[in-house]
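Examining the three-dimensional arrangement
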Amino acid sequence: VQLQASGGGLVQPGGSLRLACAASGAIFSFNRMGWYRQAPGKQRELVATIGISGSTNEADSVKGRFTISRDNAKNTVDLQMASLKPEDTAVYYCNALQFIGSTPYQYWGQGTLVTVSS
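Below you will find a few notes about this structure. (Residues numbered from 1 in each chain as written. Predicted model: local features only at pLDDT ≥ 70, side-chain atom pairs only at ≥ 80, totals over all residues. Heavy atoms only, no water.)

Helix and strand counts for the protein chain come out as zero helices and eleven strands. Against the 2.2 N^0.38 benchmark of 13 Å for 118 residues, the protein chain shows a C-alpha radius of gyration of 14 Å, consistent with a compact globule. Dimensions of the protein chain, computed from C-alpha atoms along their principal axes, come out at roughly 45 × 30 × 25 Å. Taken across its 118 residues, the protein chain has 42% of its residues classed as buried. If you take every contact in the protein chain between residues at least 6 apart in sequence, the share linking residues at least 24 apart comes to 54%. Carbon together with sulfur atoms contributes 49% to the accessible area of the protein chain, which is approximately 6,100 Å² in total. Of the side chains in the protein chain, 10 bear a positive and 7 a negative charge, and the two mean positions are spaced by 2 Å. (Helix = DSSP H or I, 4+ residues; strand = E, 2+ residues; numbered from the N terminus. Rg over C-alpha atoms; globule rule 2.2 N^0.38 Å. Buried < 20%, exposed > 50% of the residue type's maximum accessible area, 1.4 Å probe, protein only. Contact = heavy atoms within 4.5 Å. Areas by Shrake-Rupley, 256 points an atom, 1.4 Å probe, with all protein chains shown as cover. Lys, Arg positive; Asp, Glu negative; His and termini not counted. Charge placed at Lys NZ, Arg CZ, Asp CG, Glu CD.)

Written out as structure tokens, the structure is:
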């Protein structure tokens, strides 16, 4: 399984950015997909996840600003980010969780840098 993240870049505070994660396999095979981020000197944290049914979960810090979506036909999971703040600056990682039997397997993309600065 390979996850390819893209869409990062430099954006001004209040701006928007859309991240895309392309999976090498069919994403409907994953129980859950999501985005995590890691800011300099901090631990990796959950940003948003989306399940097979389309149910979503977002961190409190991004609720109302970020939206996660999936396109099973294109095998992609996107993160639409709006009203960006400097504290959103981080490397964003795409993640996929798959259960084979009762054993969980996690896959990670290579990360894409988002910098929010004026």
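Next comes the rest of the description.
Moving on: unusual backbone geometry. Located in the positive-phi region is Asn-75, a residue other than glycine, with phi close to 55 degrees. Its location among the elements puts Asn-75 in the loop between strand 7 (66-71) and strand 8 (76-81). Accessibility expressed as a relative area gives 18% for Asn-75, which makes it buried.

The next thing to look at is the sheet that holds strand 1 (residues 3-6). Pairing is antiparallel across the open sheet formed by four strands, whose spatial order is 1-3-8-7. Taken across any chain shown, the strands that pair with only one partner, and hence form the sheet edges, are strand 1 and strand 7. With direction set aside, neighbouring strand axes in the sheet form an average angle of 15 degrees. For strand 7 and strand 8, the ladder comprises six bridges, and the chain directions are antiparallel. By the bridge assignment, Ser-69 is partnered in strand 8 with Asp-78. (Pairing = 2+ DSSP bridges. Axes fitted to C-alpha atoms, helices over the stretch in contact; angles between N-to-C directions.)

Further remarks concern the pairing of strand 10 (residues 103-108). Where strand 9 (residues 90-100) meets strand 10, six bridges bridge the pair, whose relative direction is antiparallel. Across the sheet, residue Ala-96 finds its bridge partner in strand 10, namely Tyr-107. Hairpin connection of strand 9 to strand 10: two residues between the antiparallel strands, including Gly-101 at a positive phi of 70 degrees.

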